[in-house]
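Observations on chain architecture
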Amino acid sequence: MGMLDWTEKSSAVLGQGGVIGPDERLPWPQTALMGVQHVIAMFGATVLAPLLMGFDPNIAILMSGIGTLIFFVVTGGKVPSYLGSSFAFIGVVIAATGYAGKGPNANIGVALGGIIACGAVYAAIGALVQVVGTRWIERVMPPVVTGAVVAVIGLNLAGIPIKNMAASNFDSWMQVVTFVSVALVAVMTRGMLQRLLILIGLIISSLIYALLTNGLGLGKPIDLSGISTADWFGLPGFAAPVFTANAMLLIVPVVVILVAENLGHIKAVTAMTGKNLDVYMGRAFIGDGIATMVSGSAGGTGVTTYAENIGVMAATKIYSTAVFVFAALIAVVLGFSPKFGALIQAIPLPVMGGVSIVVFGLIAVAGARIWVVNKVDFSDNKNLLVAAITLVLGTGDFTLKFGQFALGGIGTATFGAILLYALLDRRK
């Protein structure tokens, strides 16, 4: 079976409770539509991360598409994943560049050098995994650990929509309208509408938002002026890397979080599809590492496999890698379109927040599903305590500092789970 020949399945399979596997696909028009939905799912975070670091969001979009295509080629089209801007880099990039938080980052070059170095180390770890295999990963990360880590990725992000995406009481109510819209689409509709639940929910709630604000003057109205003035096509603002030892030492340790995220995601998809993707783990690390190096060399953020898109796969039961080729190609085109960037900026923040609540929640539940599917025994105190401590470390964003380097919630939860399990595991 080659990289580009998927087995076509009709959507009836999904109606019977089946899934569309990584090596299968729906008919092309439906596959393209699913690609659009994945672009929307990754968009908020892929644009938000560069904005928080003073990078150009259009480059981040372009590089997420190119990175996803690199990942697809390196994994032989076997691992369904979208690569978007990694939040793991934000803290260390701000520390390395002294970024003040508004406008373009004047010191972006040193950050890019660190991001490229991090990608290189990541690819090297992938090469090691290719040689020695993933048995050691299995030992170190049994289902109780992977379930907790996947759940934490969703829970750790929970504060973003709730604290940063609703400025007023009206905005909070709009988030409610949004997630209720998505939920109703998910439960009340059938077929393609149901599988585009995020996209349809987003459109419905944006229309309601426009009616209440632009129509009735209740909140901040939708401003479409930026769309009409933006060019259809234009080059994003590329930037060149600068390599300094200090910035590289600060940024390279992020690799441990990237490995943990990627590993957790592959575990999640394996659990959901019933197809063992562990054999592609080394390739996935190499692909993600190369994609991060390519992104950093053009002025983009470090990239990671995206939990948002795993949330969409969990909701739709479509794991076809063909969908991600479409999503990546769309992102590449959009990266060269300032008009599209302006359209996305026009989506009301509370609506994006409501969608984020759904997607992050789906990731958290995907972690719990790993426990259920693998029948993790919580009457065993070892499992109980590993899961309990991990969830609170990650959700509360427990941070440990090692000199200049800070390990945030997802990192402490991941390593905490692995080390606690090793400490408490007394099996002979």
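A brief look at the structure comes next. (Residues numbered from 1 in each chain as written. Predicted model: local features only at pLDDT ≥ 70, side-chain atom pairs only at ≥ 80, totals over all residues. Heavy atoms only, no water.)

Quick notes on the overall build of the chain
Keep this limit in mind: Runs of E in the DSSP output that reach at least two residues are strands. Runs of H or I that reach at least four are helices, and both are numbered from the N terminus. Just to be clear, the radius of gyration here is over C-alpha atoms, and the globule rule we use is 2.2 Å times residues to the power 0.38. Only protein chains enter the calculation, and the probe is 1.4 Å; a residue is then buried if its accessible area is under 20% of its type maximum, exposed if over 50%, and partly exposed in between. Residue contacts are counted whenever heavy atoms from the two residues lie within 4.5 Å of one another. Accessible surface is estimated by sampling points in the Shrake-Rupley manner with a 1.4 Å probe; for residues, cover comes only from the protein chains shown. Counted charges follow a simple rule, with Lys and Arg positive, Asp and Glu negative, and His plus the chain ends left uncounted. The atom standing in for a charge is NZ when the residue is Lys, CZ when it is Arg, CG when it is Asp and CD when it is Glu.
A tally of helices and strands in the chain yields 21 helices and six strands. In terms of overall size, the chain behaves like a compact globule, its C-alpha atoms giving a radius of gyration of 21 Å where 428 residues would be expected to give roughly 22 Å. In terms of its C-alpha atoms, the chain occupies a principal-axis envelope of roughly 70 × 55 × 45 Å. Evaluated residue by residue, the chain yields a buried proportion of 56% over its 428 residues. Counted over contacts in the chain with a minimum sequence separation of 6, partners at least 24 positions apart contribute 79%. Total accessible area computed for the chain in this model is approximately 17500 Å², and 69% of it derives from carbon and sulfur atoms. Distance between charge centroids for the chain: 6 Å, based on 22 positive and 17 negative side chains.

Quick word on the pattern of salt bridges
Quick reminder of the rule: When a carboxyl oxygen of Asp or Glu lies within 4 Å of a side-chain nitrogen of Lys or Arg, that pair is called a salt bridge.
If you walk through the whole model with that rule in mind, you get one salt bridge. Of the charged contacts, one joins Lys382 and Asp425 as a salt bridge, the two residues approaching to 3.2 Å between their closest N and O atoms. Linking Lys382 in helix α20 (residues 381-395) with Asp425 in the segment after α21 (409-424), this pair joins segments that are 43 residues apart in sequence. Each member of the pair, Lys382 as well as Asp425, carries the same accessibility label: buried.

What about a nonpolar patch on the surface?
What counts here: Here a patch means residues that are over 30% exposed by relative accessible area and free of salt bridges, tied together within 9 Å if like-charged and within 5 Å if nonpolar (Val, Leu, Ile, Met, Phe, Trp, Tyr).
On the surface, Phe378, Leu384, Leu385, Ile389, Leu423 and Leu424 cluster together into a nonpolar patch covering about 470 Å² of accessible area. Listing elements by their share of the nonpolar patch, those giving two or more residues are α20 and α21. When residues in the nonpolar patch are grouped by element, the largest group, three residues, is from α20.

Side note on helix α19 (residues 349-373)
The condition is simple: An expected span of 1.5 Å times one less than the residue number is assigned to each helix.
A rise of 1.5 Å per residue sets the reference length of α19, with its 25 residues, at 36 Å; its end C-alpha atoms lie 36 Å apart and thus fit the reference within 8%. Positive phi appears at Lys375, one or two residues downstream of α19, with a value of about 50 degrees.

Observations regarding the packing of aromatic side chains
Put simply, the rule reads: When two rings of Phe, Tyr or Trp (its six-membered ring) have centres within 6.5 Å they constitute a pair, described as stacked for plane angles under 30 degrees, edge-to-face for angles over 60, and tilted for the intermediate range.
Tallied over the entire structure, the rule returns six aromatic pairs. The interplanar angle of 35 degrees and the centroid separation of 6.1 Å between the aromatic rings of Trp6 and Phe72 together place this pair among those described as tilted. Placement of the pair is Trp6 in the segment before β1 (7-8) and Phe72 in helix α3 (residues 57-74), with a sequence separation of 66 residues. Take Trp6 and Phe72: they sit in the same class, and that class is buried. Relative to Phe326, the ring of Trp28 lies with its centre 5.9 Å away and its plane at 50 degrees, an arrangement referred to as tilted. Of the two residues, Trp28 sits in helix α2 (residues 28-53) while Phe326 sits in helix α17 (residues 321-335), which places them 298 residues apart along the sequence. Taking the relative accessible area as the measure of exposure, Trp28 reaches 38% and is therefore partly exposed. Aromatic ring contacts, followed pair by pair, group Trp6, Trp28, Phe72 and Phe326 into a single cluster.

Things to note about the packing of helix α14 (residues 255-273) against α21
Packed helix pairs are specified by the crossing angle of their axes together with the interaxial distance, meaning the distance between the axes. Defined as follows: Axes, fitted as lines to C-alpha atoms, cover a helix only where it is in contact. Angles between the N-to-C directions of the axes lie from 0 to 180 degrees. Note that the term roughly parallel is reserved for angles under 35 degrees, roughly antiparallel for angles over 145, roughly perpendicular for angles of 65 to 115, and oblique for everything else. Left-handed describes a crossing whose near helix is turned anticlockwise from the far helix through less than a right angle; right-handed describes the clockwise counterpart. We call Asp, Glu, Lys and Arg charged. Ala, Val, Leu, Ile, Met, Phe, Trp, Tyr, Cys and Pro are nonpolar, and the rest, Gly among them, are polar.
Remark: α14 packs on α21, axes separated minimally by 10 Å, with the N-to-C direction vectors making an angle of 70 degrees. One way to sum up the angle between α14 and α21 is to call them roughly perpendicular. Here the hand of the crossing between α14 and α21 comes out left-handed. On α21, the residues touching Val256, Ile257, Ala260 and Glu261 of α14 are Ile410, Gly411, Thr414 and Phe415. Tallied by class, residues from the contact of α14 with α21 come to five nonpolar, two polar and one charged.

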